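Coordinate inspection notes
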Amino acid sequence: MSDRTTAADTLAAAPPATSSPHRDAGDAGYSKDLKSRHINMIAIGGAIGTGLFLGAGGRLAGAGPSLAIAYAVCGVFAFFVVRALGELVLYRPSSGAFVSYAREFMGEKGAFAAGWLYFLNWSTTAVADITAAATYAHFWAMFSDIPQWILALIALAVVLTANLISVKYFGEMEFWFAIIKVSALVAFMLIGIFLVVTQHPVDGHTPGISIISDSGGIFPTGMIPLLMVIQGVVFAYASVELCGVAAGETQNPEKIMPKAINSIMWRVGLFYVGSVVLLALLLPYTSYSADQSPFVTVMDKLGVPGAAGVMNLVVLTAALSSLNSGLYSTGRILRSMALAGSAPKFTGRMNKGQVPYGGILLTAGFGVLGVVLNYVMPGQAFEIVLNFASIGILGTWGMIMLCSLLFWHRSQDGRVTRPSYRLPWAPYTQIVTLAFLAGVVFLMWWGGGVGRTTVLCLPLIAAALVGGWFVVRGRVNDLRGRARMLDLRQ
């Protein structure tokens, strides 16, 4: 596809939709190179990240064994979000994903807000990811003398190169990243179960229920700390929606997507909840800290040689996997927006490998700003950007549920037909999930500190979105008018 292809030309070239009257110019031009194994591992990889491998330590120390309840509750809502997106995908697969659905059900203003909130999420997450990767690389002596900003630049360059070649390279990278994460968790859980069953001492403690009961029970610090960690646990599930974006480059999504999405629920229960329960049974919650992966803590207490190095490699892989996913998904989302006029024109361009390189480069550009941030203040870079990513995550999930709710309403008067694969208990599921997300925002404010500062920035973000819309609305209306004229001619 030529870089000079316009939105109207692309729309005219797009094949007519079979299940929806809506057509999205951003869906044309992609290859369908993602296979079932890629989608399945993208789904599980999106649900397992540094939030578990690294973040669980500090949360376990703060909330105790009740952290497992927080993971279970947030996991249910994460499943509702991805299941709602899955229903929309089966209705009409689109690489624009929820931005395309927001355009259909909420208009261009909704698509504009959804897309830029998603970009806010991943552009700031990209900075956090390369910062985390550079920090983890310093664990090994061979990298300890290399400045953090150089390691951050190397991490960005490697993942960016793979993303720009073709979607097949992205799929393969994400497949193997997920394999490493899952293998590490399975190995740990097998070791943990063995230790609990055999009552093998760990740092002088006998694994089992007695460790929990002797350390203050399930809620050793009360209910308030449990509520406060929920905001962090939600962010651990960020990117579960990635499989919905990938559906646009998949053959037979109607067969692949339901299986991949349904598997998220039991994987969440097994890996997140199961891992935290095992951690609580192996050592008192006071043995864990935010400075170290809880899995490394257990292995260190066991005296397993090389365990810290292996787990550090896994956590590094999780950071690179997140960066890989962010570049991929924002490239597709921004192209959908660009061809509708609500993103810069260059983000709609594709290369010979059918990769929307413009949007990927824009996100990577923010990653380069992160390299600069790592140079100026290496000790604070991670914390500065992570909290702003949280607003993007909540906004994205909220938009998905709003689209799902509007889709349900249209199905009631016969304007659309819901597929057989549906979000259960609609519309109550959408309403309860939206209320939950609003509750998380309240908890961020209530907890004070950086979280409250982030929430107080919401008016600024809203003002930026409103101002941005007034800047692009002329081009959006022009492209929409040209597309209507082409429709009338056909």
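No experiment lies behind these values; they were computed from the predicted model shown.

**Structural notes on the overall build of the chain**
For the chain, the count of helices and strands is 19 helices and zero strands. Taken over the C-alpha trace, the chain has a radius of gyration of 23 Å; the compact-globule value for 490 residues is 23 Å, and the two agree within 12%. With the principal axes as the frame, the chain shows a C-alpha extent of 80 × 55 × 40 Å. Summed over its atoms, the accessible surface of the chain is roughly 19400 Å², and 67% of this surface lies on carbon and sulfur atoms.

**A short note on the confidence of the model for the chain**
Regions with low pLDDT should not have their predicted coordinates read in detail. With 90% of its residues at a pLDDT of at least 70, the chain reaches an overall mean of 85. Per-element confidence in the chain ranges from a low mean pLDDT of 42 for helix H1 (residues 7-13) to a high of 95 for helix H17 (residues 428-446). Low confidence marks residues 1-19, where pLDDT is under 50. Its contacts with residues over four positions away, or in another chain, come to 34 contacts.

**Side note on a nonpolar patch on the surface**
On the surface, Trp 149, Leu 153, Val 368, Val 372, Tyr 375 and Val 376 cluster together into a nonpolar patch covering about 560 Å² of accessible area. At the level of elements, helix H7 (148-165) and helix H15 (357-376) are the ones that each hand at least two residues to the nonpolar patch. Counting residues per element, the nonpolar patch draws most heavily on H15, which supplies four residues.

**Let's talk about helix H14 (residues 307-338)**
Taking 1.5 Å per residue as the helical rise, H14 with its 32 residues ought to reach 46 Å, and the 46 Å between its terminal C-alpha atoms agrees with that figure. Along H14, 28 of the 32 residues are buried, which leaves the element largely enclosed by surrounding structure.

**Some details on the nonpolar core**
Formed by 152 residues in total, the largest nonpolar core has its most connected members in Ile 48, Phe 53, Tyr 71, Tyr 237 and Trp 397. In terms of residues, this core owes the most to one element, helix H6 (residues 97-137), which gives 22 residues. Dropping the residues within four chain positions of it, Tyr 71 is found in contact with Gly 51, Leu 52, Ala 56, Arg 59, Val 233, Ala 236, Tyr 237, Tyr 272, Val 273 and Val 276.

**Quick look at H6**
One full turn of an α-helix is made of 3.6 residues, so residues set three or four places apart face in the same direction. The terminal C-alpha atoms of H6, which comprises 41 residues, lie only 34 Å apart, well short of the 60 Å expected from a rise of 1.5 Å per residue. The largest bend in H6 comes to about 145°, at Met 106. Across the 41 residues that make up H6, a large majority, 36, are buried.

**Quick word on the pattern of salt bridges**
A full pass over the atoms with the stated rule returns seven salt bridges. Among the salt bridges present, the one from Asp 203 reaches Lys 301, with a minimum N-O distance of 3.7 Å. In this pair, Asp 203 is assigned in the loop between helix H8 (167-198) and helix H9 (209-214) and Lys 301 in helix H13 (residues 294-302), connecting sequence segments 98 residues apart. Judged by relative accessible area, Lys 301 falls into the partly exposed class, the value being 36%.

**Focus on the packing of aromatic side chains**
Taken as a whole and judged by the stated rule, the model has 22 aromatic pairs. Plain terms: the ring middles of Phe 80 and Trp 425 are 6.4 Å apart, the flat faces sit at 85° to each other, and that makes the pair edge-to-face. Pair noted here: Phe 80 is in helix H5 (residues 67-91) and Trp 425 is in the loop between helix H16 (381-412) and H17, with a separation of 345 residues, a long-range link. Seen in terms of ring centroids, Phe 188 and Phe 295 are 4.7 Å apart; in terms of plane orientation they differ by 90°. Their pairing is edge-to-face. One end of the pair, Phe 188, is in helix H8; the other, Phe 295, is in helix H13, and 107 residues separate them in sequence. With respect to burial, Phe 188 and Phe 295 carry one shared label: buried. Grouped by ring-pair contacts, the aromatic residues Phe 112, Trp 116, Phe 119, Phe 366 and Trp 469 constitute a single cluster. Just above the ring of Phe 175 sits the side chain of Arg 37; from NZ or CZ to the centre is 4.7 Å. The positively charged end of Arg 452 is found above the aromatic ring belonging to Trp 445, 4.4 Å away from the centroid.

**Overview of empty space enclosed by the protein**
Throughout the structure, instances matching the rule amount to one cavity of 30 Å³ or more. In terms of lining, the largest cavity is formed by Pro 65, Ile 211, Ile 212, Ser 215, Gly 217, Ala 280, Leu 283, Pro 284 and Tyr 285. Here the residues of the lining of the largest cavity are counted per class, giving seven nonpolar, two polar and no charged.

**Topic: the packing of H6 against H7**
Running from amino to carboxyl end, H6 crosses H7 at an angle of 120°, the nearest separation of the two axes being 8 Å. The angle between the axes of H6 and H7 places the two elements in the oblique class. Judged by the twist between their axes, the crossing of H6 over H7 is right-handed. Contacts between H6 and H7 involve Ile 130, Thr 131, Ala 133, Ala 134, Thr 135 and Ala 137 from the first element and Gln 148, Leu 151, Ala 152, Ala 155 and Leu 156 from the second. Within the contact of H6 with H7, the residues separate by chemical class into eight nonpolar, three polar and no charged.

**Considering the side chain of Thr 131**
Mapped onto the secondary structure, Thr 131 falls in helix H6. What makes Thr 131 buried here is its relative accessible area of 1%. A distance of 2.7 Å separates a polar atom in the side chain of Thr 131 from the backbone oxygen of Val 127.

The rules we used
- Residues numbered from 1 in each chain as written.
- Predicted model: local features only at pLDDT ≥ 70, side-chain atom pairs only at ≥ 80, totals over all residues.
- Heavy atoms only, no water.
- Helix = DSSP H or I, 4+ residues; strand = E, 2+ residues; numbered from the N terminus.
- Rg over C-alpha atoms; globule rule 2.2 N^0.38 Å.
- Areas by Shrake-Rupley, 256 points an atom, 1.4 Å probe, with all protein chains shown as cover.
- pLDDT = per-residue confidence, 0-100.
- Contact = heavy atoms within 4.5 Å.
- Patch = residues over 30% accessible without salt bridge, like charges linked within 9 Å, V, L, I, M, F, W, Y side chains within 5 Å.
- Salt bridge = Lys/Arg side-chain N within 4 Å of Asp/Glu carboxyl O.
- Expected span 1.5 Å × (residues − 1).
- Buried < 20%, exposed > 50% of the residue type's maximum accessible area, 1.4 Å probe, protein only.
- Core = buried A, V, L, I, M, F, W, Y, C linked by side-chain atoms within 4.5 Å.
- Bend = angle between axes of the 7 residues up to and from the residue.
- Phe/Tyr/Trp six-rings, centres within 6.5 Å; stacked < 30°, edge-to-face > 60°.
- Lys NZ or Arg CZ within 6 Å of the ring centre and 35° of its normal.
- 1 Å grid on protein atoms, 1.4 Å probe; cavity = no way out; pocket = protein on both sides within 12 Å on 5 of 7 lines; lining within 4 Å.
- Points joined across faces, edges and corners; volume = space filled by probe spheres on them.
- Nonpolar A, V, L, I, M, F, W, Y, C, P; charged D, E, K, R; others polar.
- Axes fitted to C-alpha atoms, helices over the stretch in contact; angles between N-to-C directions.
- Parallel < 35°, antiparallel > 145°, perpendicular 65-115°, else oblique.
- Left-handed = near helix turned anticlockwise from the far one by under 90°.
- Polar contact = N/O pair within 3.5 Å; in protein donor to acceptor, adjacent residues only side chain to side chain.

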